[in-house]
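What follows is each chain in one-letter form.
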Amino acid sequence: METKTPEMINLDTVRHKLENKHGREFWRSLDEVAETEEFTAWVEDEFPNRSTIAEIDRRSLLKFMGASLMFAGLGGCRSLFLPSEKIVPYVKMPEDMVPGTRMYFATTTVHNGQPLGIVVSSDMGRPVKVEGNPLSKASGGKTDYFAQAAMIDLYDPDRVAGVTKEGQLSTWDLCLKAMRDSYAETAGRVGGVQFRIVTPTVTSPTLLAQLQRALKPLPNARIVEYESAGRNSEMEGCRIAFGKPGTASYNLSTANVVVSFDGDFLFSMPDSVRMAGDFMSRRHVEGTNVSGMNRLYMVETSPTVTGSMADHRFTTDPATLEALVRKVASNLGVQVLDVPESSTVPAKWVDAIMEELQSGTNVVVVPGQYATPAVNALCHAINEKIGAVSKNLVQFHLQDIDPFEGQRQSLEDFAKDLNAGKVGLLFVLGGNPAYDTPLALGIKDNLNKAIISVHHTLWANETSEECTWVTGDSHFLESWGDQLSASGEYGIVQPLISPIRDTKSQIEFLASILNDPSSGHDLVRATAKTHLPDDNSWKEWLAKGVMQIPVTAATPSVVSDLNVGPSPKASGTTVLFRPDPTVWDGRHANNGWLQELPKVLTTLTWDNAALVSPSMAERLGVRQGEHVQIESGGSTITMPALMMVGHPDDCVTVHMGYGRKVVGNVGTNTGTDVGPIRKSATDFHVFGANVTRAAGSTRLALTQTHNSMEGRDLIKFASVAEFVQNPELKGESDTIAEEGKSLWPENQTEFPSDAPQWGLSIDLNVCIGCHACVTACQAENNIPVVGKDQVMKGREMHWIRIDRYYRVASTHSDPIDADRTNKDVLDSNNIETVFSPVACMHCEKAPCEPVCPVAATVHNHEGLNQMIYNRCVGTRYCSNNCPYKVRRFNYLNYTDNQAQFMERTEILNGVVSHEKTNGRSLLKMLNNSRVTVRGRGVMEKCTYCVHRINQVRIEAKKQNREIQDGEIITACAQACPTGAIVFGNIQDKASQVGKLKRDPRTYSLLPELNTINRTTYMARLRNPNPKLENA
Amino acid sequence: MAAVEKEEPVALLPSSNKEFLLGNHSYKSIDELLGNIVLDQTSHGKVWFKWLGFGFLFVNVLVASIAWLVYQGIGVWGNNQPVSWGFDIINFVWWIGIGHAGTLISAILLLLRQNWRNSINRFAEAMTLFAVMCAGMYPLLHTGRPWVAYWLFPYPNVLGMWPQFRSPLIWDVFAVSTYFTISIVFWFVGLIPDFATMRDRTVQPAVKKIWGLLAMGWRGSVKHWHRYEAAYLILAGLSTPLVLSVHSIVSFDFAVSIVPGWNVTLFPPYFVAGAVFAGFAMVITFAIPIRKLYHLEEVITMKHLDWMAKIMLATGTIVAYGYLCEVFYAFYSGSRWEQYLIHNRMGGPYSVLYWSLWICNGLAPLFLWSPKVRKNLVALMIISQFVSVGMWLERFVIIPMSLHRDYLPSSWGMYYPTVVDFGMFFGTIGFFIFMMFLFIRFLPMINIFEIKDLLLKLRHEEHHSEADASPVAVGGGE
């Protein structure tokens, strides 16, 4: 190959030419001025400096050809190294679909008997993320973590994939035929073989109608509605108070004082998403105007989230709690037959509560879901007395007619029938009675006595093992359905994807058995016909997701002969049964996101433990994780102990839902089943237990092992009075920071003023630590589940975590340490729990940046501290240098090695030729396509949802406008039920976040480090009753 | 050059070289004593094989550990959040420190005309090389994606990316790679005259060829010696700042950060002293058994050991002073983070290691004040072991113990190393032993020509009165 010698430039010519130039003319090179032949050719050539085929000699040409052929051939070898995957492109694009843009569908999810309207985004046909439906009252656009985590259930490879009969693969046709025949046969007989349906609480009108249809023709047929953590106390409380079962809902946005008796209305009670938002709407303190702030009294047994947000908290055993309620009720003139004169009921509390209740202000009393029916009934009576009912602070939704009138059966009777062999045909629609019913009833052992039984379920569980047929239920994102809440919110359940596995929804399944050929869509449509007569209103419902159905507004009055029975007598140790905060009654045991989510108050993951107070632990002689044996009613369980500051003494809280034996990959070998000591399915505590130390210990995977702030002013906290006096709330850190110890010239912002500057504000006054943001972030940002072992090593991957500290209320600045402080302080009711969500602070002077050797973490002009995954080599220096420890490192290949991915197809002769990890490809559908999936050896952290920012920016640019305030919502902020998290442009003083940044309560974490954080916090305030405070 | 050297103050020379070469030696006997270790391959007994085998065993452990690490990821180690650096960086700093004695001996002591270095410099330099090899593995393998670790080097690339020069890790890359390059060149240049000696004394033609190649045509002419001396001095001059800079820069990894317990201005001198301290401990650890094994008591004399012990004592007290300063600073600074750090070191979950550090590095070297201890081989050996362990503990105290409890108590955690961590640590020790024993057998471990030069000086001393004793250029074999 020959190269041309460049033409010599004649400098004289150049000079001459330049002399003749005038004005602002530019030249690219001396060649241009000289107008050399070469330069002209170069300019004219579209692709200068290219090689042309003419320049290549014969040998090189042959070499290239050979190489090209070889590389072309290599493509065919793909299946040698990589699995070959087939893709099918759209031949006809579905209507409305634009590749790369999301579609959103309104649907409804249910948790704890409470429907929640949600909007689910679909990414090219894959549902990927749940958000709240702003039109739904229950949601208000917000979600809890159960709703967020529903997404991973959809793609769970462990779900039942079709139909099995006695463990052998079968088909729907065979199963349905058997069901129809059996049902017809049962219907034909009278008195002999009986028909039973066991189901969790029915909230779907379509399903309800179907069940009624199935039951009606059979006088001997019965239905058992059962949940181990159900709303029984509430229903029973209403029955005592009003003569009819029902539930209550509370309107907390207008309540000035809330007195809660074990009612965890901010977190675990039904409708808590709405109630948390309503309650906290009164705590968004602006400036120093604290006048609107409500006050919360909490009397509770097992510590709750609501208790940790209370202005006054009193933790005690259930007997004392009920005594206190009885005392207050009888003081108010409610007829209470048995008012125990208990010495443990603090008089000052009774006085303080009485004073508030009689003050005439808007006061409401909230009883707990797990308090006794008596407490519920008395609270209804109290609410009536103090006028909370007439002020519409509380509404009752009573069941005037039982939809299963005469055909409802209690669990106990069902167990008897089962044992007696009276049950011929048994439908178990979801649920897991073999696991979560009291063992003494023997349901697990007798399920196989039913002649023919079917378990229609999402996952194979303990019950499936005992049933003849196991049929796959469709996930709610795969099926048509509807949900009706007690307050009359009627939500649509619409599918975003056709069933991934060979499954049928409950209503389709029942319709098939009832010889109804309608599809799920038609069934729902038919049910909704009364409310939605025409197509337009149906379509509107599909778009909006919810509609309000008028409910009878009659205000019931408490019966005159209120009888709440004798008051309970505490003896021995009290065991408090609660559904697990994350896996609930066991139904979420195979959900990796929920298993790994730190439980709000304990930060425990992947396990349950016996929660005891530190002084009780000392008495028992157990340390964290050492086993205790709990004996109650002749049965014992052994489980690890976990010390919990603020737990009532001589009580032990155990969480249900763990220790599942038949469960998928994720839930295997997690926790302890507390079922053996729970004798009644409706009681949430039992007295007279005996707790002793047992041999052995379990390592508990806690994400936060240190509970004290060690005297560091990390979370600002003040009573209202203190705040009004001194709104600055200056701490030691501020003083150091103000002294300006940096040698670097300050106040030199490096950020351009014409670009938006992103910032986040977290109001700790309204943050309840509910962890919805954690799961929302996990879903949004493809954060992997690492497993118990890795959590124990401190390698959990959550980008946002909720720090939780304890402190002593009376001595404010003095924090306490569960490891070494005196136990009396720890056990007193003086404990305050404070939460602080911590994610990347996006420091303007980020310590992580200068130490990265490859510039993999850098700032952008909008103030984002960015992590460039591709560039990261994984030295982890940035994490060491991060004072907030918010960076997360992929120590192993977490993304691909999650337990959920590991379901393997076994080799079946003639069917499956080689082992495949089906789960892997299934769970990959879960990923948010807008966020990079990180491989191993790479650092990651909160990005402020930069993909959401960019999405909005693109839209704004297309429309040639500025980004509006509130247009960008980070995943955490979108989920937050109380609106504690606000994101926006801090440079825009009019923006919501811009205003919050100027609020006197706003402060930075560790200001003395001069990192200048973009994420700031707002101090938490307490609104105590001065009388209780001084006492 | 000779003229310049004559102006050097005589006081810098040791009063007498007598104690550094014992016995009645001739040039030939020295050649035989030292050269025959290599030339007479039958002189290595079972002991050599045992040690080599021991080393090789752990080389395999090392290979297995590295393979598992690269296959699985950093997760096979005990590192976590908040303790992102554990054994990886502890061992890196430990090994780099061990290498320091070699450079100090060969460069600084050469410039200072400390003739006593002649009998120990060769194997101290070899130790430097092998220690830096061990050290170098860690920064490479501790990255999450070692296959792209080359991004830390500034090289022209299509990404248009340079490394981030503000990061101390980049300074490390330069410091350590420079250090290794200079050390290996220095070592090789120093070996050339001895290669020639070996060539001349070997009888097997094939082996002679190899020695010949390595000797690079050395004939011992005046010109050769002249150039050799110039080159050697220049390299010594280049190495001298490295003795100070390498460990200063390694200490910047910590000093530049904002982690309490790391951002200490004292670190550079304290790290350098610690490095020399650890290095001499390792030289003594090797010198004592080897002089016994190969009957080198006349070349590596008690005086050598005595002087090395004195350096250990001096640097050890500097290091202990550093520990005291850290405690003092914490209380004098008024910084609650620093105060908590000291509190945590003294009474926290790892306090046993902190107090062990004081015993190993604060207390054990103090026995060296006694001349009796310095002349007792067993005691010296034991103290050297204490120092090696102590210097390792020092890095443990600095790295995981500072990280595990820093600013936000919510993120506090514990660090527990795993089997693979220990596998890599013992593996590198095995690699070091393996390489040292190969070196002992196949290369002249003691500088033959410099011992001969020492002999020359001794003869001068004998023949001349002290008044007209003229210093002779080191190694100036004219």
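Here the structure is a predicted model, which is why all the values come from computation and not from measurement. Along each chain, residue indices are assigned from 1 in the same order as the chain's sequence is written. Chains carry letters and ligands carry numbers; both start at the beginning, A for chains and 1 for ligands, and go up in the order they are written. Confidence filtering applies because this is a predicted model: local features only for residues at pLDDT of at least 70, side-chain atom pairs given and counted only at 80 or more, and all residues used for totals across whole chains, interfaces and linings.

**Regarding the sheet that holds strand 6 (residues 194-199) of chain A**
Residues and elements named next belong to chain A. Strands are labelled as partners when DSSP assigns at least two bridges between them. Note on conventions: DSSP H or I runs of at least 4 residues are helices, E runs of at least 2 residues are strands, and numbering of each starts at the N terminus. An order of 5-4-16-15-14-6-7 is seen for the 7 strands of this open sheet, with the pairing classed as mixed. With one partner strand each, in any of the chains shown, strand 5 (168-170) and strand 7 (222-225) form the two edges of the open sheet. Neighbour to neighbour, the strand axes of the sheet diverge by 20 degrees on average, direction disregarded. In the sheet, strand 15 (residues 452-457) pairs with strand 16 (residues 469-472) via 4 bridges, with the strands oriented parallel. Looking at the pairing, Val454 lines up with Trp469 of strand 16. The axes used here are C-alpha line fits, helices contributing only the stretch in contact, and every angle between their N-to-C directions lies in the interval 0 to 180 degrees.

**Focus on the domain arrangement of chain A**
Many authors give the size of an interface as the accessible area that is lost as the parts come together. For chain A, the assigned domains read domain 1 (11-50), domain 2 (163-230 + 404-475 + 486-530), domain 3 (246-398), domain 4 (573-702) and domain 5 (717-745 + 766-895 + 934-1022). The gap between the C-alpha centroids of domain 2 of chain A and domain 5 of chain A is 47 Å. What counts as a domain boundary in this text is fixed by an automatic or database domain assignment.

**Some points on the packing of helix 5 (residues 121-141) of chain B against helix 15 (residues 419-442) of chain B**
Residue and element names in this part refer to chain B. As a packed pair, helix 5 and helix 15 sit with axes 10 Å apart at the nearest point and diverge in direction by 150 degrees. In terms of orientation, helix 5 lies roughly antiparallel with respect to helix 15. In the crossing of helix 5 with helix 15, the sense of the turn from one axis to the other is right-handed. Facing helix 5, whose interface residues are Ala126, Met127, Phe130, Ala131, Cys134 and Met137, helix 15 presents Thr428, Phe431, Phe432, Met435, Met436 and Phe439. Ten residues, namely Ala, Val, Leu, Ile, Met, Phe, Trp, Tyr, Cys and Pro, are considered nonpolar, four, namely Asp, Glu, Lys and Arg, are considered charged, and the remaining ones, Gly among them, are considered polar. Counted by class, the contact of helix 5 with helix 15 contains 11 nonpolar, 1 polar and no charged residues. Angle categories are assigned with fixed cut-offs, so that under 35 degrees is roughly parallel, over 145 is roughly antiparallel, 65 to 115 is roughly perpendicular, and the rest are oblique. By definition, any crossing whose near helix is turned counterclockwise from its far helix by less than a right angle is left-handed, and any crossing with a clockwise turn is right-handed. Whether two residues are in contact is decided by their C-beta atoms, placed from the backbone, lying within 7 Å.

**Description of the packing of helix 4 (residues 87-111) of chain B against helix 14 (residues 377-403) of chain B**
Residue and element names in this part refer to chain B. The interhelical angle for the contact between helix 4 and helix 14, taken along N-to-C directions, is 140 degrees, at an axis separation of 9 Å. With respect to each other, helix 4 and helix 14 are oriented oblique. Every pair of crossing elements has a handedness; the one defined by helix 4 and helix 14 is right-handed. Residue-level contacts link Ile89, Ile90, Val93, Trp94 and Gly97 of helix 4 to Met391, Trp392, Arg395, Phe396 and Ile399 of helix 14. Classifying every residue of the contact of helix 4 with helix 14 gives 8 nonpolar, 1 polar and 1 charged.

**Focus on the nonpolar core**
Soluble globular proteins tend to bury their nonpolar side chains together. Linking buried Ala, Val, Leu, Ile, Met, Phe, Trp, Tyr and Cys residues through C-beta atoms within 7 Å yields a set, and such a set is a nonpolar core. Exposed residues have 12 or fewer other C-beta atoms within 10 Å of their own C-beta, buried residues have 20 or more, and residues in between are partly exposed; the C-beta atoms are placed from the backbone. Formed by 418 residues in total, the largest nonpolar core has its most connected members in Leu378 and Ala610 of chain A together with Met127, Phe277 and Val283 of chain B. It is helix 9 (residues 267-293) of chain B that provides the largest number of residues to this core, a total of 16 residues. Residue contacts for Phe277 of chain B: discarding those within four places in its chain leaves Met312, Thr315, Gly316, Val319, Val387 and Met391 of chain B.

**A few points about the sheet that holds strand 19 (residues 546-548) of chain A**
Residues and elements named next belong to chain A. If you trace the 3 strands from one edge of the open sheet to the other, you get 17-18-19, paired in antiparallel fashion. Single-partner strands in this sheet number two, and they are strand 17 (481-484) and strand 19. Going from strand to strand, the sheet's axes swing by 20 degrees on average, the running direction of each strand aside. Relative to strand 19, strand 18 (residues 489-493) runs antiparallel, the two being bridged by 3 bridges. The residue of strand 19 that forms the bridge with Glu489 is Gln548.

**Quick look at the interface of chain A and chain B**
At the junction of the two partners, chain A supplies 40 residues and chain B supplies 38 residues. At the level of elements, helix 29 (848-851), helix 30 (877-880) and strand 34 (888-889) of chain A are the ones that each hand at least two residues to the side of chain A that touches chain B. Here the element with the most residues in the side of chain A that touches chain B is helix 30 of chain A; it accounts for 3 residues. Per-class residue counts for the side of chain A that touches chain B are 19 nonpolar, 13 polar and 8 charged.

**Notes on the confidence of the model for chain B**
Residue and element names in this part refer to chain B. Looking at chain B, the pLDDT average stands at 86 and 93% of residues meet or exceed 70. Per-residue confidence from the prediction method is given by pLDDT, with values spanning 0 to 100. For residues 1-14, every residue scores under 50 in pLDDT, and the model assigns this stretch 15 contacts once sequence neighbours within four places are set aside. The low-confidence segment residues 465-478, where pLDDT is below 50, has 30 contacts with residues more than four positions distant or belonging to other chains. Reported for the predicted complex are a pTM of 0.87 and an ipTM of 0.90.

**Some words on the environment of His588 of chain A**
All names here are of chain A. Locating His588 in the fold gives a position in the loop between strand 20 (573-579) and helix 22 (592-596). Exposure remark for His588: the 27 C-beta atoms within 10 Å place this residue in the buried category. Look past the residues within four positions of His588 in its chain and what remains in contact with it is Thr582, Val583 and Leu594.

**What to know about unusual backbone geometry**
Going from Gln81 of chain B to Pro82 of chain B, the amide bond is cis rather than trans, its omega being 15 degrees. Along the polypeptide, Pro82 of chain B turns up in the loop between helix 3 (46-72) and helix 4. The backbone of Asp262 of chain A shows a phi angle near 70 degrees, a positive value even though the residue is not glycine. Tracing the chain through its elements places Asp262 of chain A in the loop between strand 9 (257-261) and helix 10 (272-280). In this structure Asp262 of chain A comes out as buried when scored by C-beta crowding, with 33 C-beta atoms within 10 Å. Of note in this structure, Met216 of chain B is not a glycine but carries a positive phi near 55 degrees. As for its position among the elements, Met216 of chain B is in the loop between helix 7 (205-215) and helix 8 (222-255).

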